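A look at the structure
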Amino acid sequence: MPFEEVLGQTAAMATLARALERGKVHHAYRFEGPEGVGKERAALAFAQALVCTAGVLLGCGVCDACRRAVSKSARPPEVPLHPDVIFVGRALYPPELIGGKKEASEISVEQVRRVVLTRVVYPPHEARHQVIILRGAEELSANAANALLKTLEEPRPRTHFVLLTSQPDVLLDTIRSRTMPVRFGPLPDAVLRTILLARGLPEESLSELCALAGGSASAALELADPERRAARENFVQGVLGAMRTPGLGAAVVFAEGVERDRPWLIESLGALAAIFVERARSFVAQGSAGARVQAERHALVVDAMAAIERNGQASLVMSGLVASLKAARQLRPGRPPAVPVPRR
Ligand SMILES: [Zn+2]
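Structural notes, computed from the coordinates. (Residues numbered from 1 in each chain as written. Predicted model: local features only at pLDDT ≥ 70, side-chain atom pairs only at ≥ 80, totals over all residues. Heavy atoms only, no water.)

Let's talk about the pattern of salt bridges
Here is the rule we go by: By convention in these notes, a salt bridge is any Lys or Arg side-chain nitrogen within 4 Å of a carboxyl oxygen on Asp or Glu. Numbering goes from the N terminus for both helices and strands, where a helix is a DSSP run of H or I of at least four residues and a strand is a run of E of at least two. Exposure is judged per residue with a 1.4 Å probe applied to protein chains only, and the accessible area is read against the type maximum: over 50% gives exposed, under 20% gives buried, and values in between give partly exposed.
Here the structure, examined in full by the defined rule, presents 16 salt bridges. For Glu 32, the salt bridge is made with Arg 183, and the minimal N-O distance between the two is 3.1 Å. With Glu 32 in strand β1 (residues 28-32) and Arg 183 in strand β5 (residues 180-183), this pair connects stretches of sequence that are 151 residues apart. With relative accessibility at 11%, the residue Glu 32 sits in the buried group. In this structure, the salt-bridge partner of Arg 68 is Glu 126, at a minimum N-O distance of 2.8 Å. Taken together, the residues Arg 68 in helix α3 (residues 64-70) and Glu 126 in the loop between α4 (109-120) and β3 (130-134) connect sequence positions 58 residues apart. You can call Glu 126 partly exposed: its relative accessible area is 45%.

Structure follows, in structure tokens:
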């Protein structure tokens, strides 16, 4: 069943299921939430429910209409094969199909005119309803948003819009006020693990990916790129190596050589933070006092990430971090903390 295949978004899917069950489907929804948490998948499941020919309220997922709603054409534009499930998105259509306009940074008014406005004046081709799904609605140009506005203001029978956005604040107020919000949250780690395992990622990579991905499956898949993983691993080993080396010379050498690119550095520090969380957890499980040192180190890494975000100089932040990580090892893992003994 399509609705059940949308993982980790129970509240959002319940809202949509209720609307279908009551026969009160709004003419325009706004699915808002972070990238990579299932908004598009949910929109397609919703579209299946609206075009299903098997008489299943939430869509059967197996009838010809349900299958065509989620199968994309092999050649551009990569849009659903079902004629009543219409996709809008930046650069989705070859320029020659939408009036020769290249869409480098926004969804053009030409696309909205050709793909949406020419369609909504007609009833659905074959289904009970037609569904227009706007991917990345925050990328609508001002003209495109205004062109769309009139259609949103005057709902047409059996026509439904689903605007997908990770930046609802960027949308025009007028668009926001005419669309009903459905909120999608970050995916819980357990759901993210299920998705990543299904994509064939190795079990041992999942903790790090979940720690870094902020509940987004698409972010996790990007972070899983072998080159990026190797670069993070290199960084983490560099820090751990400098921590083990006596004196501060190795810390300075490592810090001087570190990549200055801020997003990359934050991602790598995130991987390092994840290592200390993992260690702290395993020490807690063993009942070992070493957990406290690891927790302290985790906090130091989080502080360093904040310093980099505030534009801190990479080499200074890194050499300071390695020095504090070294200093936080008075309590060796496995050894119980020193308990002060009162003198008699
Ligand atoms: Zn069906």
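So that's the structure; there's more coming.
Remarks on the layout of surface pockets
The following threshold applies: Points on a 1 Å grid over protein atoms alone make up a cavity when a 1.4 Å probe fits among them but cannot get out, and a pocket when they form an open set with protein on both sides within 12 Å along at least five of seven lines; lining residues each have an atom within 4 Å of a point. Grid points are joined across faces, edges and corners, and a volume is the space filled by probe spheres set on the points. Polar here means any residue other than Ala, Val, Leu, Ile, Met, Phe, Trp, Tyr, Cys and Pro, which are nonpolar, and Asp, Glu, Lys and Arg, which are charged; Gly is therefore polar.
When its volume is computed, the largest pocket comes out at roughly 820 Å³. Contributing to the lining of the largest pocket are 28 residues, with Val 37, Gly 38, Lys 39, Glu 40 and Arg 41 lying nearest its centre. Put simply, the parts of the chain that give the lining of the largest pocket at least two residues each are α2 (39-51), β4 (159-165), α7 (189-198) and α9 (217-223). In terms of residue count, the dominant contributor to the lining of the largest pocket is α2 (6 residues). For the lining of the largest pocket, the class distribution of residues is 13 nonpolar, 7 polar and 8 charged. Estimates place the volume of the second largest pocket at around 270 Å³. In terms of lining residues, the second largest pocket is bounded by Glu 204, Ser 205, Ser 207, Glu 208, Arg 229, Ala 230, Glu 233, Val 236, Ala 271, Ala 274, Ile 275 and Glu 278.

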